[in-house]
Amino acid sequence: YLAERLHDVPAALVVAVRSGDPGADSQLISHVWDAATSPPIRPAELTENAVGALLADALPNREVTADLTRKVVRETGGNPFLVLAVADAIRAGEDAEVTTPELVRHRIARRLACLPASASALAKAGSVLGDEADLRDAVGLAGLEPDGGAVAAEELVVGQFLSSTDPITFTHRIVRMAIYSLLEPGERLTLHAGAAKVLADHARAEVVAEHLLLSGPTHEAWALAVLHDA
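Residues numbered from 1 in each chain as written. Predicted model: local features only at pLDDT ≥ 70, side-chain atom pairs only at ≥ 80, totals over all residues. Heavy atoms only, no water.

1. As for the pattern of salt bridges
- What the rule picks out here adds up to seven salt bridges.
- We note a salt bridge from Arg173 to Glu75, for which the minimum N-O separation is 2.6 Å. Note that Arg173 is positioned in helix α9 (residues 173-181) and Glu75 in helix α3 (residues 66-76), a separation of 98 residues in sequence.
- A salt bridge links Arg91 to Asp88; the shortest N-O distance between them is 2.3 Å. Taken together, the residues Arg91 and Asp88, both in helix α4 (residues 80-91) and three residues apart, mark about one turn of the helix.
- Its relative accessible area of 49% is what places Arg91 among the partly exposed residues. (Salt bridge = Lys/Arg side-chain N within 4 Å of Asp/Glu carboxyl O. Helix = DSSP H or I, 4+ residues; strand = E, 2+ residues; numbered from the N terminus. Buried < 20%, exposed > 50% of the residue type's maximum accessible area, 1.4 Å probe, protein only.)

2. Considerations on a nonpolar patch on the surface
- Residues Tyr1, Leu2, Leu13, Val15 and Val17 make up a contiguous nonpolar surface patch of about 530 Å² in total accessible area.
- A relative accessible area of 41% means that Val17 is categorised as partly exposed. (Patch = residues over 30% accessible without salt bridge, like charges linked within 9 Å, V, L, I, M, F, W, Y side chains within 5 Å. Areas by Shrake-Rupley, 256 points an atom, 1.4 Å probe, with all protein chains shown as cover.)

3. Focus on helix α8 (residues 146-158)
- An ideal rise of 1.5 Å per residue puts 18 Å on 13 residues; α8 measures up with 19 Å between its terminal C-alpha atoms.
- When we look at burial in α8, the residues that qualify are Gly149, Ala152, Ala153 and Leu156. Buried residues of α8, viewed axially, fall in a sector of 105°; they line one side. The outward face of α8, more than 90 degrees from its buried face, is lined by the exposed residues Asp147 and Val158. (Expected span 1.5 Å × (residues − 1). Arc of directions from axis to C-beta.)

Encoded structure:
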């Protein structure tokens, strides 16, 4: 209503849309987009210097070293929301490399809930397997058919959870950590056990053993052999 009536009024209508969010391509957004008289502004990720400046402002009582800044850049990729969430966690005495800020977990959980169940399942499987995992392995672990898994992967790219599908690469390490932290204890054990089975025929024994050690006690002969080899 407003967008079509501002051409002769000294006022501006500013609308922010997150790329990839459900609704970003809705009829309403498309209508506003068509009425826009200025090109869209697409903010870039923050540089290392900008991350340092943002941390210094958010942590006035702490020395922001170059090492801390590099760590935060590695965790967040320069995403301003994630940088501030990490700063909040640091201010609360948390180790940002070990724990995921609660605000990030809530945001990721809310965004995942808006995606189809297949995409959510693939994201969880990917968080267990880690970056650079083969799409085939993640799809198998998520219990999806190949075609459905490929579609789910593309949905995660559009939603900005993944930056690539094969191998699976999360947009930021902190996004993967947040999704992993959303797993229920039983779900986590089951996925690690499944990951060990999926990887057993082509991954190094040490990699498979790591998943076995996170999946609870086992007495299966193949698993014991892998642990012995590792």
